[in-house]
Amino acid sequence: MPPTFEDAWSIANEVDGWLLERQGRALFEAAGRVASGSVAVEIGSHRGKSAVLIAMGLPESNRLTAVDPFDDPRWGGGPESLTLFQENLAQAGVSAKVDLFKGLSEEASAQWAGQPVGFLWVDGAHDLESTLKDFDGWLPHLTRGAELYVHDAFSAVGTTRAILRRFLFSSNVRYIGSERTLAKFKVEPLNMLQRISSALGIASQLPFFTRMIAIKLARRRGLHGLERRFMREDNEPLI
Ligand SMILES: C[S@@+](CC[C@H](N)C(=O)[O-])C[C@H]1O[C@@H](n2cnc3c(N)ncnc32)[C@H](O)[C@@H]1O
């Protein structure tokens, strides 16, 4: 019996990381749609929360390549992060389905000689330069019909700018929706109407983006009253 999302979430939920359940479900389901002969690629693995969900969601014969240098202090990176990543994959029983590229996304995409990529999950450095490298480096490896999911798409200034620059009026990447800050795109040729509709979809997320940034700034400055005024619910997540 292939694992259900509930099976995968019960393991992934124990792993330190930044994913809401609905985002985890989106990853699990997208992995399940990867066509045979294609692989999934993850940029930014940390301790394996999203890797567990993707690997458990993939069909039996598909594989995931996880890309992370495991040395970024912003996310508590370091050798212990790699060890925990490996332990968490083993715990989920998916070690044999996952290939690790220990290095930067731009290095991995430049050297890529693997199968075409049917699902790309971008959750790396979140600054403009890195995210543009993620998009530009990997797009040539994506199949027509591939799904491209981006985390912190509308809560990190760099990631949002990269999306606006590359995908706002793209002729081959269509915005298909969001799970809060997880934005979903599909690689396919777009006609003019689809380009306009995709651009409007991205633009519709900008008020949410503005609110996320306002909450972050207020929090950083210790303005907790203001922070609460921007929130739609108590302890609203910023992911
Ligand atoms: C937000 S965490 C990823 C979280 C992970 N997806 C999860 O579900 O827990 C970001 C990760 O991206 C990695 N990273 C930063 N820059 C990167 C780059 N250029 N290429 C690949 N990984 C990168 C960091 O080492 C860090 O582990």
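Residues numbered from 1 in each chain as written. Predicted model: local features only at pLDDT ≥ 70, side-chain atom pairs only at ≥ 80, totals over all residues. Heavy atoms only, no water.

So what exactly am I meant to see when it comes to the site of the ligand here?
Around the ligand, a shell composed of 20 residues is seen, among which Gly 44, Ser 50, Asp 68, Ser 105 and Asp 123 lie nearest. Within the backbone of His 46, one N or O atom sits 3.4 Å away from an oxygen atom of the ligand. When isolated, the ligand has an accessible area of 600 Å², and the protein chains bury 96% of it. The residue inventory of the shell around the ligand, partitioned by class, reads eight nonpolar, eight polar and four charged. (Near = heavy atom within 4 Å. Polar contact = N/O pair within 3.5 Å; in protein donor to acceptor, adjacent residues only side chain to side chain. Areas by Shrake-Rupley, 256 points an atom, 1.4 Å probe, with all protein chains shown as cover. Nonpolar A, V, L, I, M, F, W, Y, C, P; charged D, E, K, R; others polar.)

How do you make sense of the sheet that holds strand β5 (residues 142-150) when you look at a structure like this?
Whether parallel or antiparallel, the strands of a sheet pair through hydrogen bonds between backbone atoms. Read from one edge to the other, the open sheet built from seven strands follows the order β3-β2-β1-β4-β5-β7-β6, with strand pairing classed as mixed. The open sheet terminates on both sides in strands that have one partner only, identified here as β3 (98-101) and β6 (173-179). Within this sheet the neighbouring strands show an average axis-to-axis angle of 20 degrees, counted without direction. Sheet topology note: the strand β1 (residues 39-43)/strand β2 (residues 64-67) ladder contains four bridges and is parallel. By the bridge assignment for β2, Ile 43 is matched with Val 67. (Pairing = 2+ DSSP bridges. Helix = DSSP H or I, 4+ residues; strand = E, 2+ residues; numbered from the N terminus. Axes fitted to C-alpha atoms, helices over the stretch in contact; angles between N-to-C directions.)

What is the right way to read the domain arrangement of the protein chain from this model?
When cut into domains, the protein chain gives domain 1 (5-204) and domain 2 (205-239). If you average the C-alpha positions of domain 1 and of domain 2, the two centres end up 25 Å apart. Taken together, the contacts link 19 residues of domain 1 with 12 residues of domain 2. Both faces combined, the contact of domain 1 with domain 2 buries some 1300 Å², and carbon together with sulfur accounts for 64% of it. It is Phe 154, Ser 155 and Arg 180 in domain 1 that bury the most area against domain 2; as a group they hold 45% of the surface buried on that side. Summed over the shared surface of domain 1 and domain 2, the result is one salt bridge. Summed over the shared surface of domain 1 and domain 2, the result is seven residue pairs in polar contact (both at pLDDT 80 or more). Of the residues contributing to the side of domain 1 that touches domain 2, the split by class is nine nonpolar, eight polar and two charged. (Domains from an automatic or database assignment. Contact = heavy atoms within 4.5 Å. Buried area = accessible area lost by both parts, 1.4 Å probe. Salt bridge = Lys/Arg side-chain N within 4 Å of Asp/Glu carboxyl O.)

For this particular structure, what's the right way to read helix α7 (residues 157-167)?
In an α-helix, one full turn covers 3.6 residues, which means residues spaced three or four apart are oriented alike. By the burial criterion, the buried members of α7 are Gly 158, Thr 159, Thr 160, Ala 162, Ile 163 and Phe 167. Each element contacted by the buried residues of α7 is listed here: α6 (128-138), β5, β6, β7 (182-187), α8 (192-203) and α9 (206-220). (Buried < 20%, exposed > 50% of the residue type's maximum accessible area, 1.4 Å probe, protein only.)

Where do I start with the packing of helix α2 (residues 21-32) against helix α3 (residues 49-57) in this structure?
The relative placement of two packed helices comes down to the angle between their axes together with the axis-to-axis distance. Packing of α2 against α3 leaves a shortest axis separation of 7 Å and a crossing angle of 35 degrees. The handedness of the crossing between α2 and α3 comes out as right-handed. Of the residues in α3, those touching α2 at Gly 24, Leu 27, Phe 28, Ala 31 and Gly 32 are Ser 50, Leu 53, Ile 54, Met 56 and Gly 57. Across the contact of α2 with α3, the residue classes break down as six nonpolar, four polar and no charged. (Left-handed = near helix turned anticlockwise from the far one by under 90°.)

Can you walk me through the side chain of Ser 109 in this structure?
The topology assignment puts Ser 109 in helix α5 (residues 105-111). Its relative accessible area of 7% is what places Ser 109 among the buried residues. Aside from chain neighbours lying at most four places away, what touches Ser 109 is Gly 137, Trp 138 and His 141.

Any chance you could explain the packing of aromatic side chains here in plain terms?
For any pair of aromatic rings, the description rests on two quantities: the centre-to-centre distance and the angle between the ring planes. Tallied over the entire structure, the rule returns nine aromatic pairs. On the basis of an interplanar angle of 85 degrees and a centroid distance of 5.1 Å, the ring pair of Phe 119 and Tyr 149 is categorised as edge-to-face. Pair noted here: Phe 119 is in strand β4 (residues 117-122) and Tyr 149 is in strand β5, with a separation of 30 residues, a long-range link. Note on Phe 119: relative accessible area 0%, which makes it buried. Between Tyr 175 and Phe 185, the aromatic rings sit 5.6 Å apart at their centres with planes inclined by 65 degrees, giving edge-to-face as the arrangement. (Phe/Tyr/Trp six-rings, centres within 6.5 Å; stacked < 30°, edge-to-face > 60°.)

Please explain the nonpolar core as it appears in this structure.
One broad rule of soluble globular proteins: the nonpolar side chains tend to lie buried together. Grouped together as the largest cluster of nonpolar side chains are 35 residues, with contacts concentrated most on Leu 120, Trp 138, Leu 148 and Phe 185. Secondary structure elements with two or more residues in this core: β1, β4, α6, β5, α7, β6, β7 and α9. Residue contributions to this core peak at five residues, all from α9. Taken together, domain 1 (5-204) and domain 2 (205-239) each give at least three residues to this core, which thus spans both. Non-local contacts of Leu 148, meaning those with residues more than four positions away in its chain, are made with Leu 120, Val 122, Leu 142, Phe 167, Val 173, Ala 183, Lys 184 and Phe 185. Core analysis: the next-biggest nonpolar cluster, separate from the first, contains 32 residues, Leu 27, Val 52, Phe 70 and Tyr 149 among them. (Core = buried A, V, L, I, M, F, W, Y, C linked by side-chain atoms within 4.5 Å.)

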